[in-house]
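Take a look at the letters that make up each chain.
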Amino acid sequence: MYKKRNVMQRAIGVDVGATKIASAIVTRDGVVQATRQTATRVEQGADMVIRRIADEINALMQQDGGEISGIGVGVPGLVNPEAGIVIDAANMRWQNIALREPLVALLDANLSVYVENDVRGAARGEFLFGAARGVNDFVLLTIGSGLGTAAMVNGQIIHGAYFFASEAGHFVIDPQGRACTCGLRGCAETVVSGRGLIANAREFLQRNYPSVLAPDALTTTAILDAARANDSAALAALEKMGECLGIVMASASAWLNPARIIIGGGLGNAAFDLLYAPARESYSQRVLRGSQANVEILRSQVESSAVGAAALAFR
Ligand SMILES: [Zn+2]
């Protein structure tokens, strides 16, 4: 028997966030053919949100009319992908929510649905169509409002015993550091994130670094703009973030020896040029000599999280 490869294999990716549900039809090459977006309305409860996810998928299939090979759904939280269950997603106020089975039942077509943590979905996206093409060992660090991390080892995205693997955002880098939203103190995320960058800038303003930034109206965009105009406080805030990012990268290297370290997320992409030098320097100072020579530090290439989710459905 010949095994015929479908040259136009396509999947639907759905990125479920606390504010919006973004979905897209994506080809095996990562080309986006159609997109939709709607409000999540978390306050209406999980059943209604799952119904809305199904409605979006059904609408995409209907408006497109072509063949779809599977559905990938990314959720911001702790996910058991084998069971299709969201164990905990704080922003969604979800705990132990069965997602895959009710979703399958609500779809107009009989399709496989893959549910996964959103950052792990994004990592699969980088592996199939982005900055991790061609390597089986890499780490993805997504910097947004928080710090999300995912790792692939020997061609497999790692989950660990209870799905908590590669939660490096809550790796403690400073025992005396800032309080984190998770309840711990000094997590990497308290410095490497949107919130962290703003806290860094506030710190340097309090230390009277010259700056055009207004302490009571700090935003990440204002800090990046100021840094590009050589503002001392903004540059120091980014340097501190880059240094801490380098520590996270060094710990990832010590454990996993990735060939590539990919920086993504809204802020990670926007600030990549400003973070690269301090992160690389901090990283170089903290990894075993010889282990860093061939490690590439790259900007993420999959910008839409729905595209990453679609990658979950390509097996
Ligand atoms: Zn934390």
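Just so we're clear, the structure is a prediction, and the values are computed from it rather than from any experiment.

Colleague: Where do I start with empty space enclosed by the protein in this structure?
Modeller: Left-over empty space is what a probe sized like a water molecule reveals as it rolls over the atoms. Tallying each qualifying case throughout the model produces one cavity of 30 Å³ or more. Its volume calculated, the largest cavity comes out at about 30 Å³. Around the largest cavity, the lining residues are Asp15, Gly74, Asp118, Gly121, Ala122, Ser305, Gly308 and Ala309. Of all the secondary structure elements, the ones that give two or more residues to the lining of the largest cavity are helix 3 (118–129) and helix 9 (305–311). Among the residues making up the lining of the largest cavity, the classes are represented as two nonpolar, four polar and two charged.

Colleague: Which parts of the structure should I look at to understand the domain arrangement of the protein?
Modeller: Note: interface size is frequently given as the accessible area lost on complex formation between the parts. Each assigned domain of the protein is listed with its residue range as follows: domain 1 (10–125 + 305–311) and domain 2 (134–299). Put simply, the middle of domain 1 and the middle of domain 2, counted by C-alpha atoms, are 27 Å apart. Taken together, the twelve residues of domain 1 in the interface contact 14 residues of domain 2. Around 1,000 Å² of area is buried between domain 1 and domain 2 when both sides are counted, 68% of it from carbon and sulfur atoms. Counting the surface domain 1 buries against domain 2, the share from its top three residues, Leu78, Val119 and Arg120, is 56%. Our enumeration of links across domain 1 and domain 2 arrives at zero salt bridges.

Colleague: How do you make sense of the coordination of the zinc ion when you look at a structure like this?
Modeller: Under ideal tetrahedral coordination, the four donors around a metal are separated by 109.5 degrees; under ideal octahedral coordination, the six donors are separated by 90 or 180 degrees. Around the zinc ion, the protein contributes the donor atoms His170 (ND1), Cys180 (SG), Cys182 (SG) and Cys187 (SG), which lie 2.0 to 2.3 Å from the metal centre. Between the four donor atoms coordinating the zinc ion, the angles at the centre fall across 106 to 118 degrees, so the site counts as tetrahedral. When the donor residues of the zinc ion are listed from N- to C-terminus, their spacing reads H-x9-C-x1-C-x4-C. Judged by relative accessible area, Cys182 falls into the partly exposed class, the value being 40%.

Colleague: Just checking my understanding: could you explain the nonpolar core for this structure?
Modeller: Note that soluble globular proteins tend to have their nonpolar side chains buried in a common cluster. In this structure, Leu141, Ile143, Ile223, Leu238, Leu245, Met249 and Ile263 are the most contacted members of the largest nonpolar core, which totals 44 residues. Mapped onto this core, the elements with two or more residues apiece are strand 9 (138–143), strand 10 (147–153), helix 4 (194–206), helix 5 (220–228), helix 6 (232–256), strand 12 (260–264) and helix 8 (272–286). Per element, the largest residue contribution to this core is twelve residues, and it comes from helix 6. Ile143 has contacts with Val192, Ser193, Met241, Leu245, Ile263, Gly264, Gly265, Gly266, Leu267, Gly268 and Leu275, leaving out every residue within four places of it along the chain. Ile12, Ala34, Leu60 and Ala89 belong to the second largest nonpolar core, which has 31 residues in total.

Colleague: Got a minute to help me understand helix 5 in this structure?
Modeller: Residues lying three or four places apart along an α-helix face the same way, a consequence of the helix completing one turn every 3.6 residues. Among the residues of helix 5, those classed as buried are Ile223, Leu224, Ala226 and Ala227. All buried residues of helix 5 project into a common sector of 165 degrees when viewed along the axis, lining one side. Buried-residue contacts for helix 5 involve helix 4, helix 6, helix 7 (266–270) and helix 8. Trailing helix 5 by a residue or two, Asn230 shows a phi angle of about 65 degrees, which is positive.

Colleague: Looking at this model, I keep getting lost on the packing of aromatic side chains. Mind explaining?
Modeller: We describe a pair of aromatic rings using the distance from one ring centre to the other and the angle between the two ring planes. Considering all chains together, one arrives at four aromatic pairs under this definition. Ring plane angle 10 degrees and centroid distance 6.5 Å describe the contact between Phe127 and Phe138, whose orientation is recorded as stacked. Taken as a pair, Phe127 in helix 3 and Phe138 in strand 9 lie far apart in primary sequence, eleven residues in all. Just as Phe127 is buried, Phe138 falls in that class too. Ring geometry for Phe129 and Phe314: centres 6.4 Å apart, planes at 85 degrees, overall edge-to-face. Of the two residues, Phe129 sits in helix 3 while Phe314 sits in the segment after helix 9, which places them 185 residues apart along the sequence.

Colleague: Please explain helix 6 as it appears in this structure.
Modeller: Under the 1.5 Å per step criterion, the end-to-end length of helix 6 is 35 Å for 25 residues, consistent within 8% with the ideal 36 Å. Two to three positions downstream of the cap, the backbone nitrogen of Ala233 sits 3.3 Å from a side-chain oxygen, assigning the N-cap of helix 6 to Asp231. The first or second residue beyond helix 6 is Asn257, which carries a positive phi of 50 degrees.

Colleague: Please explain the pattern of salt bridges as it appears in this structure.
Modeller: In a structure, side chains of opposite charge can pair up when their charged atoms sit close to one another. Scanning the model with the defined rule gives eight salt bridges in all. In this structure, Glu203 and Arg178 form a salt bridge, with 2.9 Å as the shortest nitrogen-oxygen distance. Placement of Glu203 in helix 4 and of Arg178 in the loop between strand 11 (156–157) and helix 4 is noted, with a sequence separation of 25 residues between them. Of the residues examined, Glu203 reaches a relative accessible area of 22% and is grouped as partly exposed. Between Glu296 and Arg260 there is a salt bridge, with its nearest N and O atoms 2.9 Å apart.

Parameters at a glance
- Residues numbered from 1 in each chain as written.
- Predicted model: local features only at pLDDT ≥ 70, side-chain atom pairs only at ≥ 80, totals over all residues.
- Heavy atoms only, no water.
- 1 Å grid on protein atoms, 1.4 Å probe; cavity = no way out; pocket = protein on both sides within 12 Å on 5 of 7 lines; lining within 4 Å.
- Points joined across faces, edges and corners; volume = space filled by probe spheres on them.
- Helix = DSSP H or I, 4+ residues; strand = E, 2+ residues; numbered from the N terminus.
- Nonpolar A, V, L, I, M, F, W, Y, C, P; charged D, E, K, R; others polar.
- Domains from an automatic or database assignment.
- Contact = heavy atoms within 4.5 Å.
- Buried area = accessible area lost by both parts, 1.4 Å probe.
- Salt bridge = Lys/Arg side-chain N within 4 Å of Asp/Glu carboxyl O.
- Donors = N, O, S within 2.8 Å, 3.2 Å for Na, K, Ca; no water.
- Tetrahedral: all angles 85-135°; square planar, octahedral: opposite > 155°, others 65-115°.
- Buried < 20%, exposed > 50% of the residue type's maximum accessible area, 1.4 Å probe, protein only.
- Core = buried A, V, L, I, M, F, W, Y, C linked by side-chain atoms within 4.5 Å.
- Arc of directions from axis to C-beta.
- Phe/Tyr/Trp six-rings, centres within 6.5 Å; stacked < 30°, edge-to-face > 60°.
- Expected span 1.5 Å × (residues − 1).
- Polar contact = N/O pair within 3.5 Å; in protein donor to acceptor, adjacent residues only side chain to side chain.

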